[in-house]
Amino acid sequence: MKKIAIIGAGNMGYAILRGITGGGIFSPSAITVADKSEACRQRAANEGVAVTSESGEAVKDAKLIILAVKPNMFDAVAAEIGANISADAVIVSILAGKTLKTLESAFGEGAKLIRVMPNTPALVGCGMSGICLNASVSDEEIAEVGKIFGSFGVARIVDEDMMDTVTGISGSGPAYAFMFIDGLMKAGVKNGMSESDAKLFAAQTVLGAAQMVLKNDISPEQLKINVCSPGGTTIEAVKVFEENDLYGIIEKAVDACIAKSKKMSIG
């Protein structure tokens with residue numbers, strides 16, 4: 001039986017664990033989760049997997065190792081697990097800013113390495129993950145990892161030079177969407193809605209709009225135009241967005257996020 005190790009059981013590590021076990025990709029008995037937090041270990045143990053506080057112990061004999069710790073913990077974790085990693089193990093990192101070159105420096109040039117940038121909607125089965133890999137990874141191995149990350153949303157292979165852009169669009173993107181929903185909620189409350197109704201109307205509207213984009217060949221721009229009846233209500237709101245350069249604000253925000261991601265990758 002193939003052994004799997006997940007290092008880090010915070011929100012993303014736990015989402016990955018749920019995807020693996022819930023999708024029937026691997027048996028819980030094949031999985032060991034390592035985390036220093038007792039609460040995180042207990043939450044993982046509730047999924048039927050083995051848990052430990054020792055990362056080095058978790059990776060022994062593991063054929064698939066998923067690193068889901070904070071980026072600032074990378075050096076310490078790499079030092080802890082390095083000597084115990086099997087030569088044929090596939091190492092998957094979801095650590096922002098840690099390039100394949102950085103991973104190779106830690107685990108060896110011949111190591112099988114995959115980078116993934118998931119996002120927090122993975123927690124509700126609607127994640128978006130960008131994936132890149134080095135030349136040591138086989139087609140079968142990348143297919144397996146793609147299946148894991150596809151189990152809680154959508155996974156797409158991209159070139160590594162796109163990973164900073166993936167971070168700016170989808171990795172950090174949920175925060176931008178949350179801000180828009182929050183703005184709609186506040187406007188709803190200001191205009192007489194209860195907070196619970198404002199949350200429902202705002203969130204469901206954004207969810208529905210996203211589904212229309214995904215399920216149509218029509219561009220978002222055209223979908224917007226379709227809602228804006230001449231002389232109607234929607235066009236008045238759209239005019240305010242345009243007058244205040246909403247698209248320009250979004251572009252600047254994403255550019256700032258991408259710039260920080262690139263800086264992290266260098267530093």
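Owing to the predicted nature of the structure, the values given are computational and were not obtained by experimental measurement.

Rules of the game
- Think of each chain on its own: its residues are numbered from 1, step by step along the sequence as written.
- Predicted model: local features are reported for residues with pLDDT of at least 70 only, side-chain atom pairs are reported and counted for 80 or more only, and whole-chain, interface and lining totals are derived from all residues.
- Values reported for side chains reflect all heavy atoms of the structure, with hydrogen atoms and water molecules removed beforehand.
- For helices the rule is a DSSP run of H or I covering at least 4 residues; for strands it is a run of E covering at least 2, with both sets numbered from the N terminus onward.
- By the criterion applied in these results, polar contacts are pairs of N or O atoms within 3.5 Å in which, for protein atoms, one can donate a hydrogen and the other can accept it, and in which residues neighboring in sequence qualify only through two side-chain atoms.
- Whether two residues touch is decided by their heavy atoms; if any such pair falls within 4.5 Å, the residues are in contact.
- By nonpolar core is meant a set of buried Ala, Val, Leu, Ile, Met, Phe, Trp, Tyr and Cys residues that side-chain atoms within 4.5 Å join together.
- Partly exposed describes any residue whose relative accessible area lies between the buried limit of under 20% and the exposed limit of over 50%, with all areas from a 1.4 Å probe on protein chains only and scaled to the type maximum.
- UniProt positions are given in the numbering used here, feature names are shortened, and annotations may be inferred rather than shown by experiment.
- To obtain each axis, a line is fitted to C-alpha atoms, and for helices this fit is confined to the stretch in contact; angles are then taken between N-to-C directions over 0 to 180 degrees.
- Throughout, the term roughly parallel applies to angles under 35 degrees, roughly antiparallel to angles over 145, roughly perpendicular to angles from 65 to 115, and oblique to all others.
- Residue type decides the class: Asp, Glu, Lys and Arg count as charged, Ala, Val, Leu, Ile, Met, Phe, Trp, Tyr, Cys and Pro as nonpolar, and the leftover types, Gly among them, as polar.
- Should DSSP find at least two bridges between two strands, the strands are regarded as paired.

Participant: Can you walk me through the side chain of Ser-93 in this structure?
Facilitator: Its location among the elements puts Ser-93 in strand β5 (residues 90–93). One polar contact links the side chain of Ser-93 to the main-chain amide nitrogen of Leu-95, over a distance of 3.2 Å. Those residues in contact with Ser-93 that lie beyond four places of it in its chain are Leu-67, Leu-103, Ile-114, Arg-115 and Val-116.

Participant: Would you mind going over the nonpolar core with me for this structure?
Facilitator: The nonpolar side chains of a soluble globular protein tend to be buried with one another. Counting 32 residues, the largest nonpolar core has Ile-31, Leu-64, Val-92, Ile-114 and Phe-149 as the members making the most contacts within it. Of all elements in the fold, only β1 (4–7), α1 (11–22), β2 (31–34), α2 (38–45), β4 (64–67), β5, β6 (112–117) and α6 (139–150) reach the threshold of two or more residues within this core. It is α1 that provides the largest number of residues to this core, a total of 6 residues. Beyond its immediate sequence surroundings of up to four residues, Leu-64 is in contact with Lys-3, Ile-4, Ala-5, Phe-26, Val-90, Val-92, Glu-144, Val-145 and Ile-148. Of all hydrophobic cores here, the second largest spans 26 residues; its members include Ala-5, Ala-58, Val-77 and Ile-81.

Participant: Would you take a moment to explain the UniProt feature "domain: Pyrroline-5-carboxylate reductase dimerisation" (unreviewed entry) in the chain for this structure?
Facilitator: The feature "domain: Pyrroline-5-carboxylate reductase dimerisation" (unreviewed entry), as given by UniProt, occupies residues 160–264 in the numbering adopted here. Between the C-alpha atoms that bound residues 160–264 there is a distance of 14 Å. The span itself is 80% helix and 0% strand.

Participant: Is there a simple way to think about the packing of helix α7 (residues 163–171) against helix α8 (residues 173–190) in this case?
Facilitator: Angle between the axes and distance between the axes are the two parameters that describe a pair of packed helices. Axis separation between α7 and α8 bottoms out at 5 Å; the angle between their running directions is 25°. As summarised for this structure, α7 and α8 are arranged roughly parallel, according to the angle between their axes. For the pair formed by α7 and α8, the contact residues are Thr-167, Gly-168, Ile-169, Ser-170 and Gly-171 on the first element and Gly-173, Pro-174 and Tyr-176 on the second. Looking at side-chain class alone, the contact of α7 with α8 contains 3 nonpolar, 5 polar and no charged residues.

Participant: What is the right way to read the sheet that holds β5 from this model?
Facilitator: Where strands meet in a sheet, backbone hydrogen bonds hold them as pairs that are either parallel or antiparallel. With mixed pairing, 8 strands are arranged side by side in an open sheet as β3-β2-β1-β4-β5-β6-β7-β8. Two strands close off the open sheet at either side, each with one partner strand: β3 (50–52) and β8 (153–157). Across this sheet, the average inter-strand angle for adjacent strands is 20°, counted without regard to direction. For β5 and β6, the ladder comprises 4 bridges, and the chain directions are parallel. Looking at β6, one finds that Ser-93 is bridged to Arg-115. Contacting β6 and β7 (127–133), α7 crosses the sheet at an angle of about 35° to β6.

Participant: What should I look at first to understand unusual backbone geometry in this one?
Facilitator: Apart from glycine, the bulk of residues carry a negative phi angle, and the bulk of peptide bonds sit in the trans form. Positive phi, normally seen in glycine, also occurs at Asp-61, with a value near 65°. Along the polypeptide, Asp-61 turns up in the loop between α3 (55–58) and β4. Positive phi, normally seen in glycine, also occurs at Asp-245, with a value near 55°. Here Asp-245 shows up in the loop between α11 (234–243) and α12 (246–266). In this structure Asp-245 comes out as partly exposed when scored by relative accessible area, which is 42%.

Participant: Could you clarify how one ought to interpret the UniProt feature "domain: Pyrroline-5-carboxylate reductase catalytic N-terminal" (unreviewed entry) in the chain in this entry?
Facilitator: Mapped onto the present numbering, the UniProt feature "domain: Pyrroline-5-carboxylate reductase catalytic N-terminal" (unreviewed entry) falls on residues 3–97. The span residues 3–97 is 34% helical and 20% strand by assignment, and the distance between its end C-alpha atoms comes to 27 Å.

Participant: When you look at the environment of Val-145 in this model, what are you seeing that I'm missing?
Facilitator: The residue Val-145 is located in helix α6 in this model. Residues Val-145 and Ile-114, spaced 31 residues apart in sequence, show a C-alpha to C-alpha distance of 8.6 Å. Residues contacting Val-145, with those up to four places away along its chain left out, are Leu-64, Val-92 and Ile-114.

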